[in-house]
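Close look at the chain arrangement
If you want the building blocks of each chain, they are given just below.
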There are 4 protein chains.
Amino acid sequence: MRKICSVIGSRANYSSIKSALRAIQNHPDLELQVVVTASAVLDRYGSVATLIEEDGFVPDASIFSLIEGETPVTMAKSTALGLLELPTVFSQLKPDVVITVGDRFETMATTLAAVYMNIRLAHTMGGEVSGTVDESIRHAITKFAHIHFPACSDAYERILKLGEREETVHNVGCPRMDLVREYLDSSEIDERELFDDGVGSRFDLREPFLMLSQHPVTTEFGAGESQIQASLEAVEELGMPAIALWPNPDAGSEDIARGMRKYREKYRDSKIHFFKNLPIHLYVKLMQRTACLIGNSSSGIREGAFIGTPVVNVGTRQHARQRGANVIDVSNHKDSIVNAVRQHLTHGAYLQDPIYGDGYAGDRIATVLAGSMPMIQKTITY
Amino acid sequence: MRKICSVIGSRANYSSIKSALRAIQNHPDLELQVVVTASAVLDRYGSVATLIEEDGFVPDASIFSLIEGETPVTMAKSTALGLLELPTVFSQLKPDVVITVGDRFETMATTLAAVYMNIRLAHTMGGEVSGTVDESIRHAITKFAHIHFPACSDAYERILKLGEREETVHNVGCPRMDLVREYLDSSEIDERELFDDGVGSRFDLREPFLMLSQHPVTTEFGAGESQIQASLEAVEELGMPAIALWPNPDAGSEDIARGMRKYREKYRDSKIHFFKNLPIHLYVKLMQRTACLIGNSSSGIREGAFIGTPVVNVGTRQHARQRGANVIDVSNHKDSIVNAVRQHLTHGAYLQDPIYGDGYAGDRIATVLAGSMPMIQKTITY
Amino acid sequence: MRKICSVIGSRANYSSIKSALRAIQNHPDLELQVVVTASAVLDRYGSVATLIEEDGFVPDASIFSLIEGETPVTMAKSTALGLLELPTVFSQLKPDVVITVGDRFETMATTLAAVYMNIRLAHTMGGEVSGTVDESIRHAITKFAHIHFPACSDAYERILKLGEREETVHNVGCPRMDLVREYLDSSEIDERELFDDGVGSRFDLREPFLMLSQHPVTTEFGAGESQIQASLEAVEELGMPAIALWPNPDAGSEDIARGMRKYREKYRDSKIHFFKNLPIHLYVKLMQRTACLIGNSSSGIREGAFIGTPVVNVGTRQHARQRGANVIDVSNHKDSIVNAVRQHLTHGAYLQDPIYGDGYAGDRIATVLAGSMPMIQKTITY
Amino acid sequence: MRKICSVIGSRANYSSIKSALRAIQNHPDLELQVVVTASAVLDRYGSVATLIEEDGFVPDASIFSLIEGETPVTMAKSTALGLLELPTVFSQLKPDVVITVGDRFETMATTLAAVYMNIRLAHTMGGEVSGTVDESIRHAITKFAHIHFPACSDAYERILKLGEREETVHNVGCPRMDLVREYLDSSEIDERELFDDGVGSRFDLREPFLMLSQHPVTTEFGAGESQIQASLEAVEELGMPAIALWPNPDAGSEDIARGMRKYREKYRDSKIHFFKNLPIHLYVKLMQRTACLIGNSSSGIREGAFIGTPVVNVGTRQHARQRGANVIDVSNHKDSIVNAVRQHLTHGAYLQDPIYGDGYAGDRIATVLAGSMPMIQKTITY
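With that settled, the discussion passes to the overall build of chain A. Looking only at helices and strands, one finds 14 helices and 13 strands in chain A. A compact globule built from 382 residues would reach a C-alpha radius of gyration of about 21 Å, and chain A, at 20 Å, matches this within 12%. By the burial criterion, 63% of the 382 residues in chain A qualify as buried. The contacts of chain A with a sequence gap of at least 6 include a subset with a gap of at least 24, amounting to 72%.

Below, the structure written as structure tokens:
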């Protein structure tokens, strides 16, 4: 039995790999190991560890590694803490392959622990261009990884250009679309239950409503408060009811949070309902219904393409991600945001576009991981 | 004044950057900061910290970060310790640019601390191909670095192919050659003084002698003892006096050391003199005189080209480094090593070849660092 | 100049040592060094670092050491992080004496870093009995410390019984009373300004009002929510306006916070105003005016004695602290709390009682620290 | 089944607890857990982990925690590393009781991890007086521990005076004597095999010979080299064959080691045989035969009393340990050492004295640990 160890560091991480975990767990030649760390062990960011267990996965280890502060300093030190403990855990679990997801800062801990210990590293969602330090992290992991699972053709080509051997790169699509596919077919949202979570205004989801999901841009540390305010003021001006999400725990999320708190103090009659976290199945159903999603979340571009959601993408965070016709890019200014939303309102929903996969990435990943393995010692192709 | 912070993790690190430090220190627009860590703070690997101070540099901080054990586990954890403390130090020193050298495991700590804290990263000796995990580290740092100082044309081209912007890549040559140039002109070796250090046989340096410098191959962890034995047995068979150096503190160095101790127990009349460390100026002068350098040290290929030293390069550690006519590559077998050495003995010394620079890299580095700076937010060129 | 380094880990820490810092800074033979760490560097718990700078002290180093989670696991690991970085900082600062305050978990980091590095350790507020793991920490520090500054006679006697040499134990009183003394004489509270901070009801401070300050009991982890609810329900039943404070960042504080949030959701017309932090000068003035202070904060017993505040001390957290006539002890039940408060309302304010000092502890501490030093190598007296 | 977790940090640690581990493993109501850390995981200090497995114990986790350098700084940081990882391990193992041994610096990591996590702590060999920072560590652990297993009557009384409750203190004797008792009855030393290990002179054990076992005194950091030289010169002057042991990995052990290496260079015909480690059964048999044991090892005083070995105890390291008639105390001067040895040579072996137990401590410890447990929340008795 080949042992595949997945290190989960956040809620987003988890939904980006969940369908692959399920496929690995069900594969007769693979044994799944799960390690939970960073924000995934904290109640504060939604109890991901609990969710993982509810889905039938048993964490083999939990590591508290996030240092308080949410500054660039603590981002580095939290990565260090993960890197300090993962070797002990990998020594106990002895995985054949470690699988890491995407590009968050703590994935470097998983990456270095694995490759320094001569364990093969598989990487999902590599090769993409996005701006922010995440892009550097993503490409660096590509240079460490032995097996690549890019999510789109663009990323596949880029990984080859980075000098990785073709037989190690597998354009499987994004595993998150596997979940989206399932959720779109599942039962309806219970509005009452939905609004019992979070705080703020309640409204009828049959009316047109907006969504807002905006995160800190780590290379623009300190600007988060004014950036979220532009978006919130745009929503306010549009006068439509809206759903807003709390930011990721990156460096700078405190700035975004402060901007949101100030907005709430200022507009006490705001039509916005705020969520710390939304279960992915609700989020996806809401993306199917929303008149427009505003912000800088990757979900607008990725899930948005798959679903056909109208998206106003704000600022630099997603600046070079491969995108479909459903996305309008604007800068962090209230008026630009308002205008772009109005343009979408006129157009309505878009056609589905499988840029980021057809909804069966997880199965493909498991099949590759059960196949022949590349050598530990890798070298560039040029 | 632009503040340039150099993090020194080992003796090899230091001699690879020393001429640049001097040029930075002397530049009117630059202020030099020095942080000493990893094996550079330990007596056990030769007191590099002391050397640094003797050369007129004042360490701004010293961090004990090497965890005992010299295994893949401790290599990862030692990197973590560096990454845990460097952010605190960078917060105090507030450098504008952090400069990291080469590809040793602890350079990832310097790299991540800098880029996660939005500090520009300069990287020397990137773009080279060598095999072992060092190659992955080197390319990963390239994907994080803002300013690149490759040491040869081959590496320069490779960094461009990795998607870095041309104006950020500067083929300055290897700063280590700056020292080589100086040492070759300096006064003679005092044999008595030389052999007072280290242990083992003494001999007349005017006679033909061999040199041996062999390090662990991290992706072949556990094989070090038999690898060093092949080389030592070859030296024994050739019957010439020799100088041998202790290995680097990488994962697996304990294996090499054990092989060396066993050899010493077995051949009590061995003609080999063993050094824990050799000052670089002596090492270079010895390379100029030796009949042949055996092992897998990069010095054979790099300094060897500059000096014209006959080199027998053993095993996979340097497998893809750009090399000149002075290098014969062989596998880890006694007979192959013996034959290659004999071939060199017939040929004699080689002509100098400036593949790795003309001896003025340090000045070029300082000039670039004093010039216009690239943006913090970098992205791939394709 | 003898260098005295104070490590500040929390807001409470700081106000417990501030008058001593001032006296050290003003002493001609002493040089003050300040290191800020743990919750003192975090905005989330009130910006203590900023406060320190406003008071004219310059932090020599700031260390982010709190790991998110607020569980027993993270309490231990956060202490580890402090202990990992303080040695590097002490190596830079080279203090002659390190001074640590009280008994919070992170003080063990300061303690071990100092004594393992052969630096003399001074300890304030040792020798007291309180229950919870803090008591064990406090006595353990006594066994490490070279110079003791207990705050009351009871504690002085206990330190001697623990086998410390009489000439190293100085009953100076609590430095926090120095501030209380000053604040009681200072100008009045600006009600408008006061209530602009925090959230909730505003009221006229000339009317009788209650105060509530309740923290988690680490050995009763998990019970915090019901404990705070008993107190909040008592305040609700008494029907008086009140001021409530957010809990310390100990293991379990999230439970207390949750209880407070639920209360706010349930009683939307509550007469309570909630503060994340209150500047000590306001807190003390409010203690002078309040009809009764409820909770388990040490301030009720210590500052309460000095001021004469009626106090209802709830639960086990302060169970064995030396106390005056102003304190009524009750269990964590609403009715007991209500009855005790009513008893105080009948009695009114109490006479001042200098159990915890006369308000000049800081000067005494500086004088001792400038005097002859005990030997590094200590041993028990029996 | 009550789970008892023993954290082993060094070879000395292990032989001090081995008989208790065996008794716990054999007890029907107890389940043994073993965690190996600090020098116990390193080959360099003798492979204790291997020894543990040979004895039939299965380590549940191994933690590399020693930071290279052997200075006061690394002593503190290595403790921090243990404290950083033990909480994760304890979370996985969920022990009911953690048992820690003695007073080495890394025992503070075990102690804090346990008590901060509300796990009961048992402590062996507390209450003793010895000088050096170890004494402070030992008493501090007493103030944290819930169950005490002192090794002698003196220590038992001292723990009570420190304010611990009588029913939690059990004078069981030293578990190391259990092994001594067994080894004294076991088969003879194979001289050839003995001297195949280590380096240096070989001799006939039927002739009178000396033993030397000397460790750094942490509060006299820097003095180790001259201290070991006094002892070695004394042995040289006495002209008898001798067995010498390598020092413990405390801060300062490098000084001792350097002194030993210099001695070996100077006296190439020395009659001393040097061992990095001696298996305890050989060490004990040698103590039974030696004409005199010189140094500052606790074994001279403890095992020495049980066996009746003539001991010259050098310097301050053991200054206040309860001792029998077999010990002569001298300062770190060659002449004093020589004179004291000669006095012992005249007297010969001493009678056995059970100050440190009768050889059945392990069984008593297991019985106590299977009985009723004290409360987690402890408080001082006065």
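Moving on: the nonpolar core. Core analysis: the largest hydrophobic core is formed by 502 residues, its most contacted members being A:Ile294, B:Ile294, C:Ile294 and D:Ile294. Those residues in contact with D:Ile294 that lie beyond four places of it in its chain are D:Leu210, D:Met211, D:Leu212, D:Ser231, D:Ala234, D:Val235, D:Val312, D:Val314, D:Ile337 and D:Val341.

Before going further, it helps to examine the interface of chain C and chain D. Contacts between the two partners involve 42 residues from chain C, matched on the other side by 42 residues from chain D. For the side of chain C that touches chain D, the secondary-structure elements that each account for two or more residues are helix 3 (72-93), helix 4 (107-116), helix 5 (132-144) and helix 6 (153-161) of chain C. Sorting elements by how many residues they give to the side of chain C that touches chain D places helix 3 of chain C first, with 12 residues. For the side of chain C that touches chain D, the class distribution of residues is 26 nonpolar, 10 polar and six charged.

In this section: the domain arrangement of chain A. Buried accessible area, meaning the area lost when the parts come together, often serves as the stated size of an interface. Residues and elements named next belong to chain A. Assigned domains of chain A: these are domain 1 (2-174 + 357-369) and domain 2 (188-356). Placing the centre of domain 1 and that of domain 2 at their C-alpha centroids yields a distance of 26 Å. The set of elements that each furnish at least two residues to the side of domain 1 that touches domain 2 consists of helix 1 (11-26), helix 3 (72-93) and helix 5 (132-144). Within the side of domain 1 that touches domain 2, the residues separate by chemical class into nine nonpolar, nine polar and five charged.

Turning our attention to the pairing of strand 10 (residues 272-275) of chain D. Residues and elements named next belong to chain D. When strand 7 (residues 199-200) meets strand 10, the two strands line up antiparallel, connected through two bridges. Counted as the bridge partner of valine 199 is phenylalanine 274 from strand 10. Bridging between strand 9 (residues 242-245) and strand 10 involves four bridges; their strand directions are parallel. Looking across to strand 10, one finds that leucine 245 is bridged to phenylalanine 275. Following the chain from strand 9 across helix 10 (residues 253-266) to the adjacent parallel strand 10, one finds a crossover that is right-handed.

Once chain C has been moved 0.0 Å along the axis and rotated by 179 degrees, it coincides with chain D to within an RMSD of 0.1 Å. Each copy turns onto its partner about a two-fold axis.

Tallying the contact residues gives eight residues for chain A and eight residues for chain D. Among the secondary structure elements, those contributing two or more residues to the side of chain A that touches chain D are strand 3 (59-63) and helix 3 of chain A. Sorting elements by how many residues they give to the side of chain A that touches chain D places helix 3 of chain A first, with five residues. By residue class, the composition of the side of chain A that touches chain D is three nonpolar, four polar and one charged.

All names here are of chain D. Strand order in this open sheet of seven strands is 7-10-9-8-11-12-13, and the pairing throughout is mixed. Single-partner strands in this sheet number two, and they are strand 7 and strand 13 (327-330). Helix 12 (residues 298-307) contacts strand 8 (210-213), strand 11 (292-295), strand 12 (311-314) and strand 13 of the sheet and is inclined by roughly 150 degrees relative to strand 12.

So, on to the relation of the copies chain A and chain D. Once chain A has been moved 0.0 Å along the axis and rotated by 180 degrees, it coincides with chain D to within an RMSD of 0.1 Å. When you check the interface residues of chain A against chain D, 100% turn up at the interface there too, and the contact is symmetric in its surfaces.

As a further point, take helix 11 (residues 280-289) of chain D. Residues of helix 11 of chain D that are buried include every one of D:Ile280, D:Tyr283, D:Val284, D:Lys285 and D:Met287, and no others. Contacts made by the buried residues of helix 11 of chain D are with helix 1 (11-26), helix 7 (175-185), strand 8, strand 11 and helix 12 of chain D.

The next thing to look at is the sheet that holds strand 11 (residues 292-295) of chain A. Ordered by their spatial adjacency, seven strands build an open sheet running 7-10-9-8-11-12-13 (chain A), and the pairing between neighbours is mixed. Where the open sheet ends on each side, the last strands, each with one partner, are strand 7 (199-200) and strand 13 (327-330) of chain A.

Further remarks concern the pairing of strand 5 (residues 120-124) of chain C. All names here are of chain C. For strand 5, the buried fraction is high: five of the five residues fall into the buried class. Here strand 5 shows a buried face lined by Arg120, Ala122 and Thr124 and a second buried face lined by Leu121 and His123. Relative to strand 5, strand 4 (residues 97-101) runs parallel, the two sharing five bridges. For valine 98, the partnering residue across the bridge sits in strand 5 and is leucine 121. Between strand 4 and its parallel partner strand 5, the chain crosses via helix 4, and the hand of that crossover is right-handed. In this sheet, strand 6 (residues 147-149) lies alongside strand 5 in parallel orientation, the contact comprising three bridges. Within the sheet, the bridge partner assigned to threonine 124 lies in strand 6 and is phenylalanine 149. For the crossover from strand 5 across helix 5 to strand 6, the handedness is right-handed.

Time to look at the environment of D:Gly131. Within the element layout of this structure, D:Gly131 appears in the loop between strand 5 (120-124) and helix 5 (132-144). What makes D:Gly131 buried here is the crowd of 21 C-beta atoms within 10 Å. Measuring from C-alpha to C-alpha, the distance between D:Gly131 and D:Thr219 comes to 8.8 Å, with 88 residues separating the pair along the chain. Residues in contact with D:Gly131, not counting those within four places in the same chain, are C:Gln377, C:Thr379, D:Thr316, D:Arg317, D:His319 and D:Ala320.

Next up on the list: the packing of helix 1 of chain D against helix 14 (residues 361-370) of chain D. Two numbers describe a pair of packed helices, the interaxial angle and the distance between the axes. Residue and element names in this part refer to chain D. Where helix 1 meets helix 14, the axes come as close as 7 Å, and the angle between the chain directions of the two elements is 50 degrees. In terms of their interaxial angle, helix 1 and helix 14 are classed as oblique. With respect to the hand of their crossing, helix 1 and helix 14 are arranged in right-handed fashion. Side by side, helix 1 and helix 14 meet where Ser19, Ala20, Arg22, Ala23 and Ile24 of the first sit next to Ala361, Gly362, Asp363, Ile365, Ala366 and Leu369 of the second.

This next bit is on the environment of D:Ser299. Residue and element names in this part refer to chain D. Considering the arrangement of structural elements, one finds serine 299 in helix 12. Linking serine 299 and valine 284, residues 15 residues apart in sequence, is a C-alpha distance of 9.2 Å. When residues no more than four places from it in sequence are discounted, the contact partners of serine 299 are Ser213 and Gly304.

This part is about unusual backbone geometry. The phi dihedral of B:Ala38 falls on the positive side, at around 50 degrees, and the residue is not glycine. According to the C-beta neighbour criterion, B:Ala38 is buried, with 29 such atoms within 10 Å. Phi is positive for C:Glu70, which is not a glycine, with a value near 50 degrees. If you trace the backbone, C:Glu70 turns up in the loop between strand 3 (59-63) and helix 3.

The rules behind these values
Residue numbers here run from 1 along each chain, matching the order of that chain's written sequence. Note on labels: chains are lettered from A, ligands numbered from 1, in written order. Totals for whole chains, interfaces and linings use all residues, but because this is a predicted model, local features are given only for residues with pLDDT of at least 70 and pairs of side-chain atoms are given and counted only at 80 or more. Secondary structure counts use DSSP, requiring at least four H or I residues in a row for a helix and at least two E residues in a row for a strand, with both numbered from the N terminus. Taken over C-alpha atoms, the radius of gyration is set against a globule rule of 2.2 Å times the number of residues to the power 0.38. Residue burial is a threshold on neighbouring C-beta atoms within 10 Å of the residue's own C-beta, all placed from the backbone, with 20 or more meaning buried, 12 or fewer meaning exposed, and counts in between meaning partly exposed. The contact rule is simple: place each C-beta atom from the backbone, and if two of them lie within 7 Å, those residues are in contact. Nonpolar cores are identified as sets of buried Ala, Val, Leu, Ile, Met, Phe, Trp, Tyr and Cys residues joined via C-beta atoms within 7 Å. Charged residues are taken to be Asp, Glu, Lys and Arg, nonpolar residues to be Ala, Val, Leu, Ile, Met, Phe, Trp, Tyr, Cys and Pro, and polar residues to be all remaining types, Gly included. Residue ranges labeled as domains rest on an automatic or database domain assignment. Any two strands with at least two DSSP bridges between them are considered paired. Crossover handedness is defined by viewing with both strands directed away from the observer: a clockwise path from the first strand over the helix to the second marks the crossover as right-handed. The least-squares superposition of copies is restricted to C-alpha atoms, and to residues with a pLDDT of at least 70 in both copies. Geometry is summarised by axes, namely lines fitted to C-alpha atoms with helices restricted to the contacting stretch, and by angles between N-to-C directions that run from 0 to 180 degrees. Roughly parallel refers to an angle under 35 degrees, roughly antiparallel to one over 145, roughly perpendicular to one between 65 and 115, and oblique to any angle outside these ranges. Should the near helix be turned counterclockwise from the far one by less than a right angle, the crossing is left-handed, whereas a clockwise turn marks it as right-handed.

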